Each structure stands twice: as structure tokens, then as C-alpha cells.
Amino acid sequence: MHSRWPHMVFSLLLPVAAAAQTALPLKHAPRPTTGAITAADLMTRLYIYADDSMLGREAGTAGNVKATNYIAAEARRLGLQPAGDSGTYFQTIPLKTRTFDTASTFTVGAGALVAFQDYLPLSREVGTGTVGVVYGGAVGDSVHQLTAEQAAGKLVVFMSEGFNSLRTLRRAPTVEGSWGTAIIGLDDFPPQFLGFFRRPQTFLDDNVQSQSQPSVFLVTRAAAAKMFAKPLDSLALGDTGLSASVNVRYSVVPVADPARNVVGIVPGSDPKLKGEYVAIGAHNDHLGYGRPVDHDSIRIWNHVVRPEGADDGGKQATPEQQVTVDSLLAAYRAAHPGSDRIDSIANGADDDGSGTVTVLEIAERMATLPRKPKRSILFVWHTGEEKGLLGSRYFTDHPTVPRDSIVAQLNMDMVGRGDAGDEVGRTKDGTPIHGSPNYLQLVGSRRLSTELGDLIERVNTEGKHNITLDYSFDA
């Protein structure tokens, strides 16, 4: 969730009550939902929302339009007051895609650098022109730094050995007043780097956060060596190199289909407090679809190896883990001959279909109460979370109710995670933390105010709910 809400913000990674491990059906016939919050309602909603027909719900695609249509239809059926654009339930965000222009050029002296072989463009916008090159030392060295005069208008080249994951790339340094930055990273680029930066990148074009920034590149050692007359290992801070001529461009177009937040309100019952809002939200998008893969093979591999996504540096199985994977897959194949399930859709039932349908359940409960809460309840199903919290950022910057009237925001994600078999975090020394039947993870409940966190703990104690509160991911 975006960090600029005015008062209290936190995220919930919620469990459901522990249940026997039973095989769930691939399809589930929907049943009418009720005003009570029930597992049956959640099952009906989630089977609809994470169905293959939603095509993975990627923001700016037809699948996400279909998904947000479903949420809006439910909000209308429940009698929520529309709070999107122009009296609708939808707030459309100005989402665009940026694709590398293959006609771009980057030359140093008389030599040309090849995109995705010699360099990767990391910044949203890249300047053009002929600029001087200067060596800026090691990344992270706060003692030995260029002066403002040395860096002014130049491409500053840094040495680094730590840029081996997409997470570290996001922390690439920039130098105020410089033309841009080049980070000397690896001898060649890992496949996950190439795949990520070759794909069209989605961004929010609302002119709130400035698009102007220094150009940033990741370059190989061989490419960096072409920038200086001296060997790289003999460079000293402030050494100048050859001039670079850069003409790196992107093609920018709007997304093919509308990217939409869904917003609805249950008005409060207290005349003095109904102008204040408690916001309850979840993200409505997921990753869409990609190349077909063997569903069962991937499922078994993920269960054994436990990769942690793109930021995990392309984690591979250990030899012992691979033996376990091969054994489990062979046993599954023997028990299910001819049942290969090829799948290309990231259904997103957990992340965050579960949160989305939980918010719908809460909305139905609130809407059917004979006496509504004193404050109004603002429900926001935001889009583009998987692309960098874009929908929540847009709603924060362009709220459809007065921003200072929102007194708290509760965000739901991954409802049902956190049983004893789930690794839910790690201690500072790397020891895995596992869930429990009454597990609840809180993030940010005291970030902007201690009041919300205190309230949660008091309700848990006084109500004898016996929830195990976990703060391992709390900032």
C-alpha cells in the first residue's frame, strides 16, 4: 500500500481458520452469498475471481476489465454508493507502457555498445546527447565522492560487485547535477535481467511524480573498459574517460484496456462522523499469463525449493532438493498417467484474489447491518499493485473523497496464508518463521500512528480472539 495516507495505514496478511487438508475441486458451482462472512461465500467468490476466464487479471488488459466489472457488479448489487469517476464505481488510472526502441544507439569514442549485451537502461527516461565520462569510485563509498564540479553534466561511472538481483538494481545510485550514471556490474547479464528489461514496462503518467531523473545504465566490465584509456582496476576517483554519444529512446503508448480502481462507500450512521472514512482495500490485479508450463512440475518444484520471486536472484534447487523434486514428480506421474496439465495463466487466487473477495465479504456484511458503523466505510479495490503499487498511489494522489477525511486504511493481502507449513518471514539471523492456526501478520499498524496498533491488540485481548500477531515484516 502506498505510504502517503494521512493517518493510519496497515496491511493484513490474514489466515482463515485451520481446516483439514482436502483436495479442492477445479471448478465450483457458485452459490448465493449471505450477509454473514462465511467460508462458503469466500469459496464461491474466489472460484469466480481466480478463474481461468479472468486471464490472470493483469492491469490494463481485458482480463482485469472483466475482473473489475465483477467487483463493480457486486458493489451495485450490495447497494454500495459509487465513489469512482463521474458517478461510477470505476476510477480509471492513466496507465501507459514504455518499450525500448531498438533503433537506440550508445557509442563511446568510435565504438558502439549493444543494448542488452553491453548495457541495460535502468531509468524510466534516458537523455540524449554527447557527454563526458568520469569515474565516480565504488558504489556506496560515502567517504570518497566526486565534487559537484567533477560530476556536472557528465556520465558518472561507478564500480560495483553487488548488482546481482533486481532488488539491488532498484537502489542504483544517481549523482545530483550529473547527466547520468553507469554501474559496472557483471561480465554478462543474467537471463532474469534481460527478460525483465526487454518487456514493456508499465508506468503511471499523471504528472504527479516527476519523470525527470538522471539516466541510469548497468554496463558490463567489457563495455566500461571502452570508456577509459586506463584499465578499470587502475582508475582513481575523478579520472576522465572518452566522450559518450547516447541516443537511447523508448516508445510510449497507453495500455490496451482501461486500468481501473473500483471504489464504493457504505455511508456512516452518525451525522457528525459520517464525513470521516475508514478505508478497506485490496488489489484487484495479478500477473496475467505467459508461456505455457507444466503445472504439476512447477507446483512440486515451488513446494520443495520455495523460491521468493524475481528478487530472489533466480534461486535454484540444491542437489538434495532436486532429488526430492524428481522423486515426487515421478511418483505423481506414475499415479496419474497421461494427466499432464499445461498451464499459462497466473490465477492469483492467493495474491490477491483472496484479499479482493475478503473485502467483498466485508462490504456485504457492512451493507446488510441493520445499523451501519458511525463512520463511512470506503472500499477501494486498487489495480496495478503488481506493477509497483500504481493504483493505490493514484488513489492517494487523486482521492475521490477528501484525503484528510480518511482516518484509517486497512489493506488485505494473501488471506489464508500463515498455517504451520507456511514460511511467513525470517528472523534477523535468517531463521524461518512459520505460521499457526490463528496467525495474523501486521504491517504498518503503528507506522503513522500508534492508535491503530494499540486498538488491534486491545480488541484481540479483550475479545479473547487468541490471534497470534506477527510483526516480522513490519517496518
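Residues numbered from 1 in each chain as written. Predicted model: local features only at pLDDT ≥ 70, side-chain atom pairs only at ≥ 80, totals over all residues. Heavy atoms only, no water.

This next bit is on the overall build of the protein. Helix and strand counts for the protein come out as 11 helices and 25 strands. Computed over C-alpha atoms, the radius of gyration of the protein comes to 25 Å, within 12% of the 23 Å expected from 2.2 N^0.38 for 475 residues, which places it in the range of a compact globule. By principal-axis analysis of the C-alpha atoms, the protein measures approximately 75 × 65 × 45 Å. The proportion of buried residues among the 475 residues of the protein is 42%. Put simply, of all contacts in the protein between residues at least 6 apart along the chain, 78% involve residues at least 24 apart. In the form shown here, the protein has an accessible surface area of approximately 23,500 Å², with 55% of it arising from carbon and sulfur atoms. Between the averaged position of the 45 positive side-chain charges in the protein and that of its 52 negative side-chain charges there is a distance of 5 Å. (Helix = DSSP H or I, 4+ residues; strand = E, 2+ residues; numbered from the N terminus. Rg over C-alpha atoms; globule rule 2.2 N^0.38 Å. Buried < 20%, exposed > 50% of the residue type's maximum accessible area, 1.4 Å probe, protein only. Contact = heavy atoms within 4.5 Å. Areas by Shrake-Rupley, 256 points an atom, 1.4 Å probe, with all protein chains shown as cover. Lys, Arg positive; Asp, Glu negative; His and termini not counted. Charge placed at Lys NZ, Arg CZ, Asp CG, Glu CD.)

Looking at where Gly268 falls in the secondary structure, it is placed in the loop between β16 (259-266) and β17 (277-283). By relative accessible area, Gly268 is classed as buried at 9%. Distance from Gly268 to Arg375, taken between C-alpha atoms, is 4.4 Å for residues 107 residues apart in sequence. Beyond its immediate chain neighbours, meaning those up to four positions away, Gly268 contacts Lys274, Pro373, Lys374, Arg375 and Ser376.

The omega torsion across Asp351 and Asp352 is 0°, close enough to zero to call that bond cis. Here Asp352 shows up in helix α9 (residues 349-368). Backbone geometry at Phe116 places phi at a positive 70°, although glycine is not the residue there. Topologically, Phe116 is positioned in the loop between β6 (111-112) and β7 (119-121).

Attention shifts here to the pattern of salt bridges. Summed over all chains, the structure comprises 21 salt bridges. Note that Arg77 is salt-bridged to Glu364, the shortest N-O span being 3.9 Å. Placement of Arg77 in helix α2 (residues 62-78) and of Glu364 in helix α9 is noted, with a sequence separation of 287 residues between them. Owing to a relative accessible area of 47%, Arg77 belongs among the partly exposed residues under this scheme. A salt bridge links Asp294 to Arg333, with the shortest nitrogen-to-oxygen separation between them at 2.3 Å. Residue Asp294 is located in strand β18 (residues 289-294), and its partner Arg333 is located in helix α8 (residues 319-335); the two are separated by 39 residues in the primary sequence. Several salt bridges converge on common partners, so that one network encompasses Arg45, Glu74, Arg77, Glu361 and Glu364. (Salt bridge = Lys/Arg side-chain N within 4 Å of Asp/Glu carboxyl O.)

Turning our eyes to something else, we now look at the sheet that holds strand β11 (residues 180-184). The strand order β7-β13-β11-β10-β9 describes an open sheet built from five strands, whose pairing is mixed. Two strands bound the open sheet, and with one partner strand each, they are β7 and β9 (133-138). Adjacent strand axes in the sheet meet at a mean angle of 25°, parallel and antiparallel pairs treated alike. Here β7 pairs with strand β13 (residues 215-219) via three bridges, running antiparallel. Looking at β13, one finds that Leu120 is bridged to Leu218. (Pairing = 2+ DSSP bridges. Axes fitted to C-alpha atoms, helices over the stretch in contact; angles between N-to-C directions.)

Moving on to the sheet that holds strand β14 (residues 244-247). Adjacent strands of a sheet form backbone hydrogen bonds with each other and so pair up, either parallel or antiparallel. If you trace the four strands from one edge of the open sheet to the other, you get β6-β5-β14-β8, paired in antiparallel fashion. Looking along the sheet, the strands with just one partner apiece sit at the ends: β6 and β8 (128-131). Note: strand β5 (residues 105-108) against β6, two bridges, orientation antiparallel. Residue pairing across strands places Thr107 opposite Ala112, the latter belonging to β6.

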